[in-house]
Amino acid sequence: MNNEHHNPALSNPIIDKLIKKLGSEWKYSGWSNDTLASITRDFEDHQYMQIFVPNAIKTNEAKDEHSTYVVCTSESHMSEYKTMEDVIDAVKDGIDDYKYTVEAIERRAKSEAL
């Protein structure tokens, strides 16, 4: 978490709070060439969810400063959120939906195999 453009003074505490709230399955995943720091959780079948965290209090796109959160999935779905609470709710809902979908697919595959 050393990229100065990530604004570690702002992003590191946010990442620590997100990991504490979402669980230890989430890992720091930011790259030095990314504008924003991020954390990622991997799922089976090469699926993942990634959260990019703010690097500024106020957005200034000309300076690549962003005050919002962005959640991405391996299916290239991206959603933007203003607050950490909204991110946590959306991510928990997304994980529940993902688990339900995987379980439904597995149940269907087993029943078709019979």
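Our structure's up above, just so we're on the same page.
One structure accompanies this document, and this report is about it. (Residues numbered from 1 in each chain as written. Predicted model: local features only at pLDDT ≥ 70, side-chain atom pairs only at ≥ 80, totals over all residues. Heavy atoms only, no water.)

**Focus: the nonpolar core**
Spelled out, the test is: Residue types Ala, Val, Leu, Ile, Met, Phe, Trp, Tyr and Cys, when buried and joined through side-chain atoms within 4.5 Å, form a set referred to as a nonpolar core. Relative accessibility under 20% of the residue-type maximum defines a buried residue, over 50% an exposed one, and the middle range a partly exposed one, all with a 1.4 Å probe and only protein chains included. Strands here are runs of E lasting at least two residues and helices are runs of H or I lasting at least four, both read from the DSSP assignment and numbered beginning at the N terminus. By definition, residues are in contact when any of their heavy atoms lie within 4.5 Å.
Residues L18, W26, I51, V53, Y69 and V91 are the most contacted members of the largest nonpolar core, which totals 18 residues. Looking at this core, the elements that each hand over two or more residues are α1 (8-22), β3 (48-52), β4 (69-73) and α2 (84-113). Top element by residues in this core is α2. It accounts for five residues. What L18 contacts, discounting residues up to four positions off in sequence, is G23, I39, I51, V53, Y69, M84, V87 and I88.

**A short note on the sheet that holds β4**
Adjacent strands of a sheet pair through backbone hydrogen bonds, lying either parallel or antiparallel. This is how the line gets drawn: Only strands joined by at least two bridges in the DSSP assignment are considered to pair. Lines fitted to C-alpha atoms define the axes here, with helix axes fitted over just the stretch in contact, and angles between the N-to-C directions of these axes take values from 0 to 180 degrees.
Read across the open sheet, the five strands follow the order β1-β2-β3-β4-β5; overall the sheet is antiparallel. Looking at which strands have only one partner, the edges of the open sheet turn out to be β1 (27-28) and β5 (78-81). On top of the sheet, α1 reaches β1, β2 (38-42), β3 and β4; it is set at about 25° to β2, its chief contact.

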